[in-house]
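Fold and contact review
Here's the letter readout for the chains.
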Amino acid sequence: MPTWQLRLLRGRPGSSPRLETYRVELPAEAYLIDAVEKIWAEQDRSLLFRHACHHASCGACGVRVNGRERLMCITPLREFSPDGVIQVEPLRHFPWLGDLLVDVSPMMRRMAEVGFAIIRRDELTADRPLPEGIEQITRFEDCIECGLCLSACPVMAADEAYLGPATLAAIERMLAEPRGGDTARLLTLADDPHGAWRCHSAMECTAVCPSNVDPASAIGRLRRRLIVEKLRRWIGGGR
Amino acid sequence: MREVPRWKRASGWIDLRGRREGGLAFLLMRLTGIGLVIYLFLHLYVLRLLAQGPEAWDAFIAMAKSPLFLALDGLLILGILYHALNGVRVTLLGLGIGVPHQARLFWGVMALTLLMTAIAAYAIFTIAG
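Residues numbered from 1 in each chain as written. Chains lettered and ligands numbered in written order. Predicted model: local features only at pLDDT ≥ 70, side-chain atom pairs only at ≥ 80, totals over all residues. Heavy atoms only, no water.

Moving on to the packing of aromatic side chains. Across all of its chains, the model carries three aromatic pairs over all chains by this definition. Judged by centre distance (4.8 Å) and plane angle (65 degrees), the rings of Phe106 of chain B and Trp107 of chain B are edge-to-face. Residue classification places Trp107 of chain B among the partly exposed residues on the basis of a relative accessible area of 46%. Feature note: the residues Trp57, Phe60 and Phe69 of chain B constitute an aromatic cluster, connected by ring pairs. One residue, Arg45 of chain A, lies across the ring of Trp40 of chain A, its end atom 3.9 Å from the ring centre. We note Arg48 of chain B situated over the ring of Tyr45 of chain B; from NZ or CZ to the ring centre the distance is 4.1 Å. (Phe/Tyr/Trp six-rings, centres within 6.5 Å; stacked < 30°, edge-to-face > 60°. Buried < 20%, exposed > 50% of the residue type's maximum accessible area, 1.4 Å probe, protein only. Lys NZ or Arg CZ within 6 Å of the ring centre and 35° of its normal.)

Here it is, written out as structure tokens:
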């Protein structure tokens, strides 16, 4: 069984973070979350990290792996060489709580402000007959609120008030299907100086998204919608 | 809870670890933008020589024809071309146009920038050099 070398960022707020190296034996079919859990279970029970579903549904285990934002649960060890080092660091642009753990509540508050519904009508089964007793099939929205896009976005580094890719994509999704939501309020939120216009199209959000939400395209659609709304108001003489 | 200092947050956009073409394009856009702002002030500073008479201006022109200065002109053109061409790319992407092709667009911008810079450099060194 191969031995994997992991270098984890360790530390607590108030102390200088440091990189510590651990070795774990695991088959190549295992995932990074298995390695980190094994380190926690067998070598250091004080290691802080977040995890839950282990299948990319909850978005809890987002970290930076060799600098790139990934979910540990869908990062297979076979992607790496046992001779190399897998460096794991916490997400950027979130308050750091210690080790690999960050506080995602700022993002959750922004998503709550949008009123983002987590379910939608399932378009994949729209043409199929429904099973007896089932009135409608719903599915989860693609965004799992993992925060990888916020960590990858360079604009978040410069502007902590920026709404961020996930929130802007959620606004665009809500505007496309308002479900009774207050679209005027959402447009005002997106039109803020820290909203859709703050995006500099670095496209890293779309590149790292594990759920194919494609926030970069959503922000583009949102801007087009804002431009149309402004033109409509100007032509109509309103404000 | 540890708050990251503002300067450290702002330096985050320089960190290219794990980034792809979009991140690189963003970084180059900022660096060329900063470079062009610095150039604008240098340009205005040099133009003040015009008010000091023909001798001051001619002395500057003689220096501007040195190989080092001509190479800096080439660097300036490189920065202007990249910033302008990538500006078109960013405008399109910012409106959600061509997002799936953003990496290819970036390499296209780079190729055009280098090609046009090479042509400009050839012209600079053959005409002014």
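Glancing now at the pairing of strand 4 (residues 68–71) of chain A. Residues and elements named next belong to chain A. Relative to strand 4, strand 3 (residues 62–65) runs antiparallel, the two being bridged by four bridges. Paired with Val65 across the bridge in strand 4 is Arg68. The hairpin turn running from strand 3 into strand 4, its antiparallel successor, is two residues long, and Asn66 in that turn takes a positive phi close to 50 degrees. (Pairing = 2+ DSSP bridges. Helix = DSSP H or I, 4+ residues; strand = E, 2+ residues; numbered from the N terminus.)

Turning next to the domain arrangement of chain A. Residues and elements named next belong to chain A. Along its sequence, chain A is carved into domain 1 (3–102) and domain 2 (105–116 + 144–236). Of note, the centres of domain 1 and domain 2, computed from C-alpha atoms alone, are 29 Å apart. On the domain 2 side, the residues contacting the 17 residues of domain 1 number 17 residues. For the domain 1 and domain 2 pair, buried surface summed over both sides reaches about 1,200 Å², with 63% attributable to carbon and sulfur atoms. Its largest share of buried area at the contact with domain 2, domain 1 owes to Glu69, His93 and Phe94, together 47% of the area lost on that side. In this structure, the connection of domain 1 to domain 2 is made through one salt bridge. (Domains from an automatic or database assignment. Contact = heavy atoms within 4.5 Å. Buried area = accessible area lost by both parts, 1.4 Å probe. Salt bridge = Lys/Arg side-chain N within 4 Å of Asp/Glu carboxyl O.)

This brings us to the pattern of salt bridges. All told, the structure shown has 18 salt bridges over all chains when counted by the stated rule. The partner of Glu20 of chain A in a salt bridge is Arg18 of chain A, with the nearest N and O atoms 2.6 Å apart. Residue Glu20 of chain A is classed as partly exposed on the basis of its relative accessible area, which comes to 26%. A residue is classified by how much of its surface remains accessible, and Arg18 of chain A, at 41% relative accessible area, is partly exposed. Note that Arg64 of chain A and Glu89 of chain A form a salt bridge whose closest N and O atoms lie 3.8 Å from each other. With Arg64 of chain A in strand 3 and Glu89 of chain A in strand 5 (residues 85–89), this pair connects stretches of sequence that are 25 residues apart. Neither residue differs from the other here; Arg64 of chain A and Glu89 of chain A are each classed as buried. Taken together, the shared-partner salt bridges connect Arg64, Arg68, Glu69, Glu89, Arg92 and Glu204 of chain A together with Asp15, Arg17 and Arg19 of chain B into one network.

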